[in-house]
Amino acid sequence: DLLEAAETGPESQGYQSVKEQSFIFADGLLGFPDFKNYQLERFRPVNGAETPFFVLRCLEDEVSFPVIHPASLGIDYRLPISRELMNSLNAACVDS
(Lines give C-alpha, C1' and ligand atoms only; values in the text may rest on other atoms or scores of the structure.)
Protein backbone atom coordinates (compact mmCIF):
# COMPACT_ATOMS: atom_id res chain seq x y z
CA ASP A 1 0.00 0.00 0.00
CA LEU A 2 1.08 3.59 -0.47
CA LEU A 3 1.99 4.16 3.18
CA GLU A 4 4.17 1.06 3.25
CA ALA A 5 6.00 2.23 0.13
CA ALA A 6 6.67 5.59 1.78
CA GLU A 7 8.35 3.81 4.67
CA THR A 8 10.92 2.16 2.41
CA GLY A 9 12.40 5.47 1.25
CA PRO A 10 13.83 6.51 -2.10
CA GLU A 11 17.08 4.60 -1.74
CA SER A 12 15.23 1.33 -2.23
CA GLN A 13 12.78 2.82 -4.73
CA GLY A 14 9.84 1.81 -2.53
CA TYR A 15 7.43 3.22 -5.08
CA GLN A 16 8.05 0.08 -7.14
CA SER A 17 6.20 -1.96 -4.53
CA VAL A 18 3.04 0.14 -4.91
CA LYS A 19 0.34 -2.10 -6.35
CA GLU A 20 -2.23 -1.08 -8.90
CA GLN A 21 -5.54 -0.82 -7.09
CA SER A 22 -9.01 0.68 -7.16
CA PHE A 23 -10.24 3.55 -5.02
CA ILE A 24 -13.69 4.91 -4.27
CA PHE A 25 -13.79 8.54 -3.18
CA ALA A 26 -17.30 8.88 -1.70
CA ASP A 27 -17.29 12.67 -2.15
CA GLY A 28 -15.29 12.64 -5.39
CA LEU A 29 -12.02 14.56 -5.74
CA LEU A 30 -11.67 18.32 -5.37
CA GLY A 31 -13.20 19.83 -8.50
CA PHE A 32 -14.58 16.46 -9.63
CA PRO A 33 -17.39 15.68 -7.16
CA ASP A 34 -19.35 13.49 -9.59
CA PHE A 35 -16.50 11.08 -10.31
CA LYS A 36 -15.97 8.62 -7.47
CA ASN A 37 -14.37 5.45 -8.90
CA TYR A 38 -10.69 5.46 -9.81
CA GLN A 39 -7.96 3.01 -10.69
CA LEU A 40 -4.32 3.63 -9.73
CA GLU A 41 -2.13 2.33 -12.55
CA ARG A 42 1.58 2.41 -13.19
CA PHE A 43 2.49 4.86 -15.97
CA ARG A 44 3.96 2.92 -18.86
CA PRO A 45 5.73 5.05 -21.49
CA VAL A 46 5.72 3.79 -25.06
CA ASN A 47 9.47 3.19 -24.93
CA GLY A 48 9.01 0.73 -22.04
CA ALA A 49 11.20 2.70 -19.60
CA GLU A 50 10.65 2.30 -15.85
CA THR A 51 9.31 5.47 -14.23
CA PRO A 52 8.19 6.42 -10.72
CA PHE A 53 4.93 7.84 -12.12
CA PHE A 54 1.41 6.51 -11.76
CA VAL A 55 -1.90 7.51 -13.29
CA LEU A 56 -5.06 7.86 -11.20
CA ARG A 57 -7.64 7.07 -13.89
CA CYS A 58 -11.34 7.76 -13.46
CA LEU A 59 -13.44 4.71 -14.31
CA GLU A 60 -16.52 6.84 -15.08
CA ASP A 61 -15.13 9.32 -17.61
CA GLU A 62 -11.97 10.17 -19.52
CA VAL A 63 -10.31 11.94 -16.59
CA SER A 64 -6.82 11.03 -15.35
CA PHE A 65 -4.32 12.53 -12.94
CA PRO A 66 -0.56 12.01 -12.92
CA VAL A 67 0.68 10.82 -9.52
CA ILE A 68 4.18 10.38 -8.13
CA HIS A 69 5.05 8.88 -4.78
CA PRO A 70 6.94 11.39 -2.57
CA ALA A 71 9.48 8.71 -1.58
CA SER A 72 10.69 8.55 -5.17
CA LEU A 73 11.68 12.23 -4.83
CA GLY A 74 13.40 11.71 -1.48
CA ILE A 75 10.61 13.47 0.42
CA ASP A 76 9.49 12.23 3.84
CA TYR A 77 5.87 13.21 3.36
CA ARG A 78 3.98 12.97 6.63
CA LEU A 79 1.17 15.25 7.68
CA PRO A 80 -0.51 15.48 11.06
CA ILE A 81 -4.08 14.18 10.69
CA SER A 82 -6.75 14.50 13.35
CA ARG A 83 -8.49 11.41 14.69
CA GLU A 84 -11.81 12.86 13.44
CA LEU A 85 -10.50 13.06 9.87
CA MET A 86 -9.08 9.53 10.10
CA ASN A 87 -12.47 8.28 11.32
CA SER A 88 -14.35 10.11 8.54
CA LEU A 89 -12.04 8.43 5.99
CA ASN A 90 -12.47 5.02 7.67
CA ALA A 91 -8.66 4.95 7.86
CA ALA A 92 -6.34 3.37 10.40
CA CYS A 93 -2.99 4.68 11.57
CA VAL A 94 -0.02 2.54 10.53
CA ASP A 95 1.88 3.49 13.70
CA SER A 96 -0.79 2.28 16.13
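Below you will find a few notes about this structure. Worth saying up front: this structure is predicted, and the values here are computed from it rather than measured.

Re the sheet that holds strand β3 (residues 53-58)
No. 1: A sheet is described by the order of its strands in space; here four strands give the open sequence β1-β2-β3-β4, paired in antiparallel fashion. Looking at strand neighbours, the two that pair on one side only are β1 (21-24) and β4 (64-68), the edges of this open sheet. Taken over all neighbouring pairs, the strand axes of this sheet differ in orientation by 25° on average, direction set aside.
No. 2: Inspection of the sheet shows β3 paired to β4 by five bridges, in the antiparallel sense. Across the sheet, residue Phe53 finds its bridge partner in β4, namely Ile68.

Details of a nonpolar patch on the surface
No. 1: Residues Leu73, Ile75, Tyr77, Leu79, Ile81, Leu85 and Leu89 make up a contiguous nonpolar surface patch of about 740 Å² in total accessible area.
No. 2: Here Ile75 is to be found in the loop between β4 and α2 (83-88).
No. 3: Taking relative accessible area as the criterion, Ile75 reaches 45% and is therefore assigned partly exposed.

Considering the pattern of salt bridges
No. 1: Within the structure shown, the criterion is met by two salt bridges.
No. 2: Salt-bridge contacts for Glu41 lead to Arg57; the nearest nitrogen and oxygen are separated by 2.8 Å. Of this pair, Glu41 sits in strand β2 (residues 37-42) while Arg57 sits in strand β3, placing them 16 residues apart in sequence.
No. 3: One salt bridge connects Glu50 with Arg42, and the closest N-O pair in it is separated by 3.7 Å.
No. 4: Residue class for Glu50 comes out exposed when judged on its relative accessible area of 52%.

Considerations on unusual backbone geometry
No. 1: If you check the backbone angles, Asn90 has positive phi at about 55° while not being a glycine.
No. 2: By the element assignment, Asn90 lies in the segment after α2.
No. 3: The exposure class assigned to Asn90 is exposed, which follows from its relative accessible area of 73%.

Parameters at a glance
Residues numbered from 1 in each chain as written. Predicted model: local features only at pLDDT ≥ 70, side-chain atom pairs only at ≥ 80, totals over all residues. Heavy atoms only, no water. Pairing = 2+ DSSP bridges. Helix = DSSP H or I, 4+ residues; strand = E, 2+ residues; numbered from the N terminus. Axes fitted to C-alpha atoms, helices over the stretch in contact; angles between N-to-C directions. Patch = residues over 30% accessible without salt bridge, like charges linked within 9 Å, V, L, I, M, F, W, Y side chains within 5 Å. Areas by Shrake-Rupley, 256 points an atom, 1.4 Å probe, with all protein chains shown as cover. Salt bridge = Lys/Arg side-chain N within 4 Å of Asp/Glu carboxyl O. Buried < 20%, exposed > 50% of the residue type's maximum accessible area, 1.4 Å probe, protein only.

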